[in-house]
Amino acid sequence: MRGLAQYAMNGRRQAITAAFLCGLIPLANMLAPAIVALVGLRHGPREALMVAAWAALPLIGWAMAGDITPLILLIGVFALATVLRQTSSWQVTMLAATLVGVGAELALRLRPEFLVLLTEQVEMFLASGGTGAEMPEVPPELMQGVLISLFGVMHMFLAICLTMLARWWQALLFNPGGFQQEFHQFRLQPAVAVALMVLFVLASFGITVLSGWTMYFVLPLFFAGVALVHGLVGIKNLSRLWLIAFYMLMLNPPLAQLLAVFALADSWYDFRGRIQKQS
């Protein structure tokens, strides 16, 4: 991974080559947006736009073949990297990522044939007992609404992760340890954290405009919670095994939601700051 980032930073031609070739390969095409983001973080949006123009060519081909995810992520991650470069704020970047999710939803709605196909595949999977449990019959309209929301959340999550990857690459090459320090200190402001929780509650009660957007408001809190755990492990100099155990626990959705609650509390009490003062 470091070799790929280092090659891309050798010049514009190398960045274009790396992004273009990654874009041609399934799964590896998810790295093309991260390469563009790295260029943007290091050299600015104008240079990143020139690389993105070439990176988009194979991704447009994948979109025409039915996989629109890499192209959506290219646009979204480019935007997030620009926001992060201009603001140096992960809080603002996380909030901007909500627009990536909304944009992904819109892209899916504009391709009704793909949405119908996706719904049919999920219904066939449920009917075949693929979940291991008997599932009640779900109306197609409800199923499509759920799939659209999940589609948006998935793209928001991936866009944030790829932007973090680009920032980590940047730190690895030009500022060793910089990303770790930056991420360990990431904490939402109290007003922002409370606003997200209020919006989450309103969406949970089915407010018309916000209905189905619950996870959009949870994800910034979730990442703030992840930063809290990483920060505490770093302050206490604990083994990395603690982080491995933590991520295994995060596979349980209720625990992931509990982490968001801790992030909300941390926005007020600053657990890392208090522990450092006591040390």
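Below or above, wherever it landed, is the structure these notes cover. (Residues numbered from 1 in each chain as written. Predicted model: local features only at pLDDT ≥ 70, side-chain atom pairs only at ≥ 80, totals over all residues. Heavy atoms only, no water.)

Quick notes on the overall build of the chain
Phase 1 of the analysis: Regarding its fold elements, the chain presents 14 helices and 0 strands.
Phase 2 of the analysis: Written out in order from the N terminus, the α and β elements of the chain read α-α-α-α-α-α-α-α-α-α-α-α-α-α.
Phase 3 of the analysis: Against the compact-globule benchmark of 19 Å for 279 residues, the chain has a radius of gyration of 20 Å, which places it among compact chains.
Phase 4 of the analysis: Taken along its principal axes, the extent of the C-alpha atoms in the chain is 55 × 50 × 35 Å.
Phase 5 of the analysis: Sequence separation of at least 24 residues holds for 72% of the intrachain contacts in the chain that already meet a minimum separation of 6.
Phase 6 of the analysis: As presented, the chain carries roughly 14,900 Å² of accessible surface, and 67% of it is formed by carbon and sulfur atoms.
Phase 7 of the analysis: Here the chain contributes 15 positive and 12 negative side-chain charges, whose respective centroids are spaced 23 Å apart. (Helix = DSSP H or I, 4+ residues; strand = E, 2+ residues; numbered from the N terminus. Rg over C-alpha atoms; globule rule 2.2 N^0.38 Å. Contact = heavy atoms within 4.5 Å. Areas by Shrake-Rupley, 256 points an atom, 1.4 Å probe, with all protein chains shown as cover. Lys, Arg positive; Asp, Glu negative; His and termini not counted. Charge placed at Lys NZ, Arg CZ, Asp CG, Glu CD.)

Quick word on unusual backbone geometry
Phase 1 of the analysis: Backbone geometry at leucine 27 places phi at a positive 70°, although glycine is not the residue there.
Phase 2 of the analysis: By the secondary structure assignment, leucine 27 is in the loop between α2 (12-24) and α3 (31-43).
Phase 3 of the analysis: With relative accessibility at 73%, the residue leucine 27 sits in the exposed group.
Phase 4 of the analysis: Here aspartate 270, not a glycine, exhibits a phi torsion of approximately 50°, which is positive. (Buried < 20%, exposed > 50% of the residue type's maximum accessible area, 1.4 Å probe, protein only.)

Notes on helix α11 (residues 214-235)
Phase 1 of the analysis: Across its 22 residues, α11 extends 32 Å between first and last C-alpha, which sits within 8% of the 32 Å expected from 1.5 Å per residue.
Phase 2 of the analysis: A large share of α11 lies buried, amounting to 17 of its 22 residues.
Phase 3 of the analysis: Residue asparagine 237 follows α11 closely and has a positive phi angle near 55°. (Expected span 1.5 Å × (residues − 1).)

Details of the pattern of salt bridges
Phase 1 of the analysis: Counted according to the given criterion, the structure contains 4 salt bridges.
Phase 2 of the analysis: A salt bridge links glutamate 47 to arginine 12; its shortest N-O distance comes to 2.8 Å. Of this pair, glutamate 47 sits in helix α4 (residues 45-65) while arginine 12 sits in helix α2, and the two are 35 residues apart along the sequence. (Salt bridge = Lys/Arg side-chain N within 4 Å of Asp/Glu carboxyl O.)

Digging into the packing of aromatic side chains
Phase 1 of the analysis: The full count for this structure, using the stated rule, is 7 aromatic pairs.
Phase 2 of the analysis: Where tryptophan 90 meets phenylalanine 179, the ring centres are 6.4 Å apart and the plane angle is 75°; that geometry is what we call edge-to-face. Here the residue tryptophan 90 occupies a position in helix α6 (residues 90-109), and phenylalanine 179 occupies one in helix α9 (residues 178-184), the gap between them amounting to 89 residues. You'll find tryptophan 90 and phenylalanine 179 in the same group, each marked buried.
Phase 3 of the analysis: The interplanar angle of 50° and the centroid separation of 5.8 Å between the aromatic rings of tryptophan 213 and tyrosine 216 together place this pair among those described as tilted. (Phe/Tyr/Trp six-rings, centres within 6.5 Å; stacked < 30°, edge-to-face > 60°.)

Brief notes about the packing of helix α5 (residues 69-87) against α6
Phase 1 of the analysis: Remark: α5 packs on α6, axes separated minimally by 9 Å, with the N-to-C direction vectors making an angle of 160°. Put simply, α5 runs roughly antiparallel to α6. Crossing hand, α5 versus α6: right-handed. Together, Ile72, Gly76, Leu80, Val83, Leu84 and Thr87 of α5 and Trp90, Val92, Thr93, Ala96, Ala97, Val100, Ala104 and Ala107 of α6 make up the contact between the two elements. (Axes fitted to C-alpha atoms, helices over the stretch in contact; angles between N-to-C directions. Parallel < 35°, antiparallel > 145°, perpendicular 65-115°, else oblique. Left-handed = near helix turned anticlockwise from the far one by under 90°.)

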